[in-house]
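Results of the structural survey
Chain by chain, the residues run as shown.
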Amino acid sequence: MNEFYLVLYGYIPYAVVVIFLVGIIYRVVTWITAKGLVGLYNVNVCLYRDGWGSTTIEVLKRIFIFYTLPGRDRDWSLFIGSFLFHWGIWIALIGHLGIIIPGTYLEKWFGLTPSLHQVIALYVGGTAGTIALIGLLILIARRITGRTITVRVMNEYKVRIPLRMFSFLDDYFAVAILLAIIVLGLYQTLGITPYSPAYVDIISRWMWSLVTLHPNIQPIINYPILQVHALLAMVFIAYFPWSKMMHPFSFLFMPTIARPAIKVKTT
């Protein structure tokens, strides 16, 4: 059994990282070399017209503020859900970077004591996870309750189409994994499990062993919830580059940014 755990939590994480990096490189290359459009955008920014400064600000506004979403179709649920989910996830991911480093090194390098680290994980991580969960539940409810969106046909008339018609298996798969990861993360962070908040030290020792290329599965061998959480995270990381989750990166390759403006001849 230990050999199975060693393969699953000691070696497969490296394969996951390789799949993640190769997938991102592959998607970026396909975007750059594509002969046609690679997505649908509200195109109101053009590098060859607006310059690097205004273009960069525009892209950052779309990624972090979601300013094009409010009030679309008179439905604020998309904006509220997206804003809460993305910001909650980003803060939680930044917090996970701190979990990678064991408490002894955090205290030695940054003066962050284990008790303070646990407090940050509890309040900051718990708040971020809760915000992400609320946002995700709003987006799930929006998708499954039969809500309709407006689609313009040939720029002449509009039709209302149920959002479910644009939902496919990969959408529900990604949402299910994210929901499970967030719920399990909160289950541990908020002290529900009998080994919280010690889980921070437990998982950091395992993750640090991977970073230092000396896999050690002993820290998590007796903690099934941590194992499931880590396994789902690995599945999501490997799946990320090949899914619609790559959409934030696609803003950098909008047709009007990645390519010269199209010249139209008039007669």
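Going by the structure above, here's the rest.
In this report, the structure presented in the accompanying data block is examined. Since this is a predicted model, take the numbers as computed values, not measurements. (Residues numbered from 1 in each chain as written. Predicted model: local features only at pLDDT ≥ 70, side-chain atom pairs only at ≥ 80, totals over all residues. Heavy atoms only, no water.)

**What to know about the overall build of the protein**
Looking only at helices and strands, one finds ten helices and two strands in the protein. Listing every helix and strand of the protein by position from the N terminus yields α-α-α-α-α-β-β-α-α-α-α-α. Surface exposure of the protein reaches about 16,200 Å², of which carbon and sulfur atoms provide 71%. (Helix = DSSP H or I, 4+ residues; strand = E, 2+ residues; numbered from the N terminus. Areas by Shrake-Rupley, 256 points an atom, 1.4 Å probe, with all protein chains shown as cover.)

**Overview of the packing of aromatic side chains**
Scanning the model with the defined rule gives 14 aromatic pairs in all. With a centroid separation of 6.2 Å and an interplanar angle of 10°, the aromatic rings of Phe-66 and Trp-90 are classed as stacked. Of this pair, Phe-66 sits in the loop between helix H2 (47-64) and helix H3 (77-100) while Trp-90 sits in helix H3; the two residues are 24 residues apart in sequence, bridging distant segments of the chain. Note on Phe-66: relative accessible area 8%, which makes it buried. When its relative accessible area of 22% is taken as the criterion, Trp-90 is described as partly exposed. Aromatic side chains Phe-83 and Trp-87 sit 6.3 Å apart centroid to centroid with 45° between the ring planes, which places their arrangement in the tilted category. On the criterion of helical spacing, the pair formed by Phe-83 and Trp-87 is a turn pair, its members being four residues apart in helix H3. (Phe/Tyr/Trp six-rings, centres within 6.5 Å; stacked < 30°, edge-to-face > 60°. Buried < 20%, exposed > 50% of the residue type's maximum accessible area, 1.4 Å probe, protein only.)

**Some words on helix H5 (residues 114-144)**
Relative to the 45 Å expected for 31 residues at 1.5 Å per residue, H5 spans 42 Å between its end C-alpha atoms, a close match to the ideal helical length. Along H5, the largest kink reaches about 25° and is centred on Gly-125. Buried within H5 are the following residues: His-117, Ala-121, Gly-126, Ala-128, Gly-129, Ala-132, Leu-133, Gly-135, Leu-136, Leu-139, Ile-140 and Arg-142. (Expected span 1.5 Å × (residues − 1). Bend = angle between axes of the 7 residues up to and from the residue.)

**A short note on the environment of Gly-129**
In this structure, Gly-129 sits in helix H5. Accessibility expressed as a relative area gives 8% for Gly-129, which makes it buried. It is 6.9 Å that separates the C-alpha atoms of Gly-129 and Ile-89, two residues lying 40 residues apart in sequence. In contact with Gly-129, not counting residues within four places along its chain, are Ile-182 and Leu-186. (Contact = heavy atoms within 4.5 Å.)

**Re the nonpolar core**
Core analysis: the biggest nonpolar cluster contains 24 residues, and Phe-85, Leu-136, Leu-178, Ile-182, Phe-236 and Met-245 have the highest contact counts within it. With six residues, the single largest contributor to this core is helix H6 (residues 169-189). (Core = buried A, V, L, I, M, F, W, Y, C linked by side-chain atoms within 4.5 Å.)

**Quick word on H3**
With 24 residues, H3 ought to run about 34 Å at 1.5 Å a step, and its terminal C-alpha atoms sit 34 Å apart, in line with that. Looking only at H3, the buried set comprises Ser-77, Leu-78, Phe-79, Gly-81, Ser-82, Phe-85, His-86, Gly-88, Ile-89, Ala-92, Ile-99 and Ile-100.

**Description of the packing of H5 against H6**
It is at 9 Å that the axes of H5 and H6 come closest, and there the two elements cross at 150°. By the angle between their axes, H5 is roughly antiparallel relative to H6. Note on packing geometry: the crossing formed by H5 with H6 is left-handed. Residue composition of the contact of H5 with H6, grouped by class: 15 nonpolar, five polar and two charged. (Axes fitted to C-alpha atoms, helices over the stretch in contact; angles between N-to-C directions. Parallel < 35°, antiparallel > 145°, perpendicular 65-115°, else oblique. Left-handed = near helix turned anticlockwise from the far one by under 90°. Nonpolar A, V, L, I, M, F, W, Y, C, P; charged D, E, K, R; others polar.)

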